[in-house]
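Listed below are the residues making up each chain.
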Amino acid sequence: MSFSSVRNPPPFLDSEDQEPEYDTRELDSDDGEDIFTGSGNKLFAATPPETDPTTDIFSEEGSFTVEKNHPPAKTNGVQSDEELDLFAEATVELTLTTPNSRGRKEIIGPTGPLSTTMSTQNSLHMHNSLNKPLEELEEEESGDTFELNIAVTNPEKMGDGMNAYMTYKVSTQTTLPAFHIKTFSVRRRFSDFLGLYEKLSVKHHLMGCIIPPPPQKSVVGMTKVKVGKEDPSSAEFVEKRRAALERYLQRVVAHPALLQDSDVQEFLEREELPRAVNTQALSGSGFLKMINKASDAVNKMTIKMNESDNWFESKLQEVENEEQLLRRLHASVDSLVNHRKEMCINTAMFAKSVAMLGSSEENSALSRALSQLAEVEDKLEQLHQEQAFSDFFILTELLADYVRLLGAVRGCFEQRMKAWQRWQEAQATLQKKREAEAKLLWANKPDKLQQAKEDLTEWEAKVGQCERDFERISSTLRKEVHRFEKEKCRDFKHHIVKYLESLLRSQHRVVKCWEAFLPEAKAIV
Amino acid sequence: MQNSLPELVKCDVFSLFNQMRSVSVDLNNDSSLLIDIPDALCERDKVKFTVHTKTTLNSFQKPEFSVPRQHEDFIWLHDTLVETEEYAGLIIPPAPPKPDFEGPREKMHKLGEGESTMTKEEYAKMKQELEAEYLAVFKKTVQVHEIFLQRLSSHPVFSKDRNFQIFLEYDQDLSVRRKNAKEFFGGFFKNMVKSADEVLISGIKDVDEFFEQEKTFLLDYFSKIKDATAKAEKMTRSHKNVADDYIHISATYSYLLICLHSLCVINAYRHLEKFSELLEKLRKVEGRVASDQELKLTELLRYYMRDIQAAKDLLYRRARALADYENSNKALDKARLKSKDIPQAEENQRQCLQKFDKLSESGKQELTSFKGRRVVAFRKNLIEMAELEIKHAKVRIKSAVCSEHNLFTHN
């Protein structure tokens, strides 16, 4: 996945880097690159090609690149070369150990030329956005952006039997000064990812941030892997999970607030993480979560919010509709993948059958043609298989991710509702306290009055706090939703392009297959 | 829903046939007797074919005429030909299979049940696709019946058959004649097949090299082609499923677009629109590929499977004649031993031998021409199928490129 995002720079940048941005800081775009295209600043024309080499390296591992927005001054260029070299070794290492890297390159990693076109397109796209009304929320524009590439690779099974688990290598390459070294990797297991999510939820949910949800647990899938069956379905499961974890991390670091979170940094850097036990399904905290979810559901039905801003109500409705539709779409694409797989099997059987027929055919030219037909059908089966694979990874997983993400968005809306509820409750309590004070005043009990007055101030402060919380969560939510939608747009578009590319590739090969067969058929006498 | 379909297929489907001359190999060349089925009606379960004949032969009352016929009439004609002793040495063209609308009908039923779960557009598209499928089945069955008649008309012996003429000319319902014929021939036919099977399979090596070769080849080939037909059918069916899925996806996608229409970031969703258009194009292509594959490949295999069965039947009949001849020999020997009824036995033996020889001779001829016919048909269909596949793949490429282009220029 290749999409741009921008990081807030730490304060110690050189001032000259920041200058071009000041003029355009008000404009709404989260892709800094376009600002420069808009201003026609020649310095930045070289940016797209520069991302090429780095993308190539990462295509093997399927990472994403953040478009470099800083001017390609000599120092930076040199720096990137260094990064290139450092990671080149790492890349080699990866290729040797992961036999699937070839295949994955086609499916997951962005190809060089693709990302170039992507980056050019992003800039063109955003050029339009500059003309949009300024009422659209703005995001802080950074001067410099930094690179952070993440790859999840090398699934390895540790342990034995039912206690076995898979670990994944999480490699990071970054220029962010927050990290101590430029390139590093750690091994993590699935529960670590879940643990990260839990921690982030607790911290950021109250602020209205949309936190990307991790891939789902799968007892069936994991058990198969644990038991040690070396069949293709468990390999597929592991691959699916690996890709999902990679996307998850990439989404997390794409979020400017989350990237700066110490938990995230710790996750990426620290050698050994304490085992996140509260993510287990059958633990005490697991049950607690279930109960909380149930009570939330009940609450949702009983809360009737006085919406001052219609935007939230309509947006929530939209999100819910979209989630429904994406779910349906996901089911359809899933069915397509299954049917295509079925077609593969049937084509393979047919190919064998035709080969047999060809062998028993007495006319030699026809016999040759029939065996050729069998070969063509065999090749087609492979192509269908690949197409199914690509359908799956490109479309189905994307849709599944977004169904979950939309769920997370809905969750944020719910958080906002809860904040509102808390505010209302605080106000109600304040009212009661006021009434109590009034009563005391009337009854003229000076000692209790003092207590009541103190209570009152306390609750007034609380009400103020709740109101501020609510306002803050509302405004963050607005921004978050905008950011999310833009990313979603980009994501979908990117995947559509990838799908088109894979379709084109496979169809060209289909044409070649049949064109090779045609002369054989014509040669039948 | 059922009512709408007959209206649809009542129309003249003649123009569509010109694209459909798949398994036939230039029959209907002889202008002295031209037969075709220009029109057909589907009423509930019954299909009524209009058989149109144009002839210069004197044996017919009029130079041009049409009669309505049902599937059962074709079967009657086929059976009478099989029963006719004189034709024992000829390959009788296989009877056309019964029109089978079960598949699309079931799907239509399921569609009706699932109507509430789909959007209007999705439902309309599925219905359209199903109607096309129904039409395809219909076209196929008409073609198969037509080919049957055309093979008879282009054969020097069959074209002169009295029953064939009755079939073409008799302007009233054949069902009365049919009933009598069926009762008479039904049992006999079945017996013959059973015993002939046993004779052939008993593995007696044939003296004649040609027939021995043919026997081995046909038996082997038949089982292989039967298997290939079954697998081809499965493959085509799953291809159809894939095409149907595209309909669901395309419809849901466009519905999604309608819902997202309200977003202010309209420009950004332009690419989704283009993708939806692409999906729509793709699903049409998939549908076409599936049906073309069905016609050119599966239908070819199916037809020749039946034809080879007919060739096998010829061999059975010959084997039966041989058995008769050998029995007559034995009877003659017995008669000679007993010195009783020798002339009858001799006569019987002579007749059997004559019959057998005639069978062998015409059988050889028929089988040789059958070989040639089969090879030509395979060639034609394989070429056509390859060309169609290439065409469809190119359409897919073109659509995808067009979409990609749109994506990049529109944004």
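Residues numbered from 1 in each chain as written. Chains lettered and ligands numbered in written order. Predicted model: local features only at pLDDT ≥ 70, side-chain atom pairs only at ≥ 80, totals over all residues. Heavy atoms only, no water.

Our next topic: the packing of helix 13 (residues 310-360) of chain A against helix 14 (residues 364-443) of chain A. All names here are of chain A. Contact geometry of helix 13 with helix 14 gives a least axis separation of 7 Å together with a crossing angle of 165°. Here helix 13 lies roughly antiparallel to helix 14, going by the angle between them. Taken as a pair, helix 13 and helix 14 cross one another with a handedness that is left-handed. For the contact of helix 13 with helix 14, a count of residues per class yields 29 nonpolar, nine polar and 14 charged. (Axes fitted to C-alpha atoms, helices over the stretch in contact; angles between N-to-C directions. Helix = DSSP H or I, 4+ residues; strand = E, 2+ residues; numbered from the N terminus. Parallel < 35°, antiparallel > 145°, perpendicular 65-115°, else oblique. Left-handed = near helix turned anticlockwise from the far one by under 90°. Nonpolar A, V, L, I, M, F, W, Y, C, P; charged D, E, K, R; others polar.)

Residues and elements named next belong to chain A. Here helix 7 (residues 190-204) spans 21 Å end to end across 15 residues, near enough to the 21 Å set by a 1.5 Å rise per residue. The buried fraction of helix 7 is high, at 11 of 15 residues. Taken together, the buried residues of helix 7 touch strand 2 (165-174), strand 3 (183-189), helix 9 (232-254), helix 10 (256-259) and helix 11 (262-269). (Expected span 1.5 Å × (residues − 1). Buried < 20%, exposed > 50% of the residue type's maximum accessible area, 1.4 Å probe, protein only. Contact = heavy atoms within 4.5 Å.)

Moving on to the domain arrangement of chain A. Many structure descriptions define interface size as the accessible area lost when the parts assemble. Residue and element names in this part refer to chain A. In terms of domain boundaries, chain A breaks down into domain 1 (145-274) and domain 2 (310-524). One C-alpha centre belongs to domain 1, the other to domain 2, and the line joining them spans 19 Å. Tallying the contact residues gives 22 residues for domain 1 and 24 residues for domain 2. Joining domain 1 to domain 2, the criterion identifies four salt bridges. (Domains from an automatic or database assignment. Salt bridge = Lys/Arg side-chain N within 4 Å of Asp/Glu carboxyl O.)

All names here are of chain A. Read across the sheet, three strands follow the order 1-2-3 without closing on themselves; strand pairing throughout is antiparallel. The sheet terminates laterally at strand 1 (148-158) and strand 3, the two strands that pair on one side only. Direction aside, the axes of adjacent strands within the sheet are offset by 20° on average. Each of strand 2 and strand 3 touches helix 7; the most contacted strand, strand 3, lies at about 100° to it. In the packing of helix 9 onto the sheet, the strands contacted are strand 1 and strand 2, and the crossing angle to strand 1 comes to about 150°. (Pairing = 2+ DSSP bridges.)

Our focus in this paragraph is the confidence of the model for chain A. Residues and elements named next belong to chain A. In the predicted model, chain A carries a mean pLDDT of 68, and 65% of its residues have values of at least 70. Mean pLDDT across the secondary structure elements of chain A bottoms out at helix 5 (residues 101-107), with 33, and peaks at helix 13, with 86. Contacts from residues 1-143, a stretch scored under 50 in pLDDT, to residues over four places away or in other chains number 245 contacts. (pLDDT = per-residue confidence, 0-100.)

Residue and element names in this part refer to chain B. Counted as a void, the second largest pocket has a volume near 1500 Å³. What lines the second largest pocket is a set of 46 residues, and nearest its centre among them are Pro 104, Glu 133, Val 137, Lys 240 and Glu 294. Of all the elements in the fold, those that place two or more residues in the lining of the second largest pocket are helix 4 (102-113), helix 5 (120-153), helix 8 (209-260), helix 9 (270-338) and helix 10 (342-410). It is helix 5 that provides the largest number of residues to the lining of the second largest pocket, a total of 12 residues. (1 Å grid on protein atoms, 1.4 Å probe; cavity = no way out; pocket = protein on both sides within 12 Å on 5 of 7 lines; lining within 4 Å. Points joined across faces, edges and corners; volume = space filled by probe spheres on them.)

Across the boundary between the two partners, chain A contributes 61 residues, which contact 65 residues of chain B. Here chain A is connected to chain B by three salt bridges. Between Glu361(A) and Arg374(B) there is a salt bridge, with its nearest N and O atoms 2.7 Å apart. Taken together, the connections running from chain A to chain B amount to 14 residue pairs in polar contact (both at pLDDT 80 or more). For the side of chain A that touches chain B, the secondary structure elements donating two or more residues are helix 6 (112-130), helix 13, helix 14 and helix 15 (446-522) of chain A. By residue number, the principal contributor to the side of chain A that touches chain B is helix 13 of chain A, which donates 23 residues. (Polar contact = N/O pair within 3.5 Å; in protein donor to acceptor, adjacent residues only side chain to side chain.)

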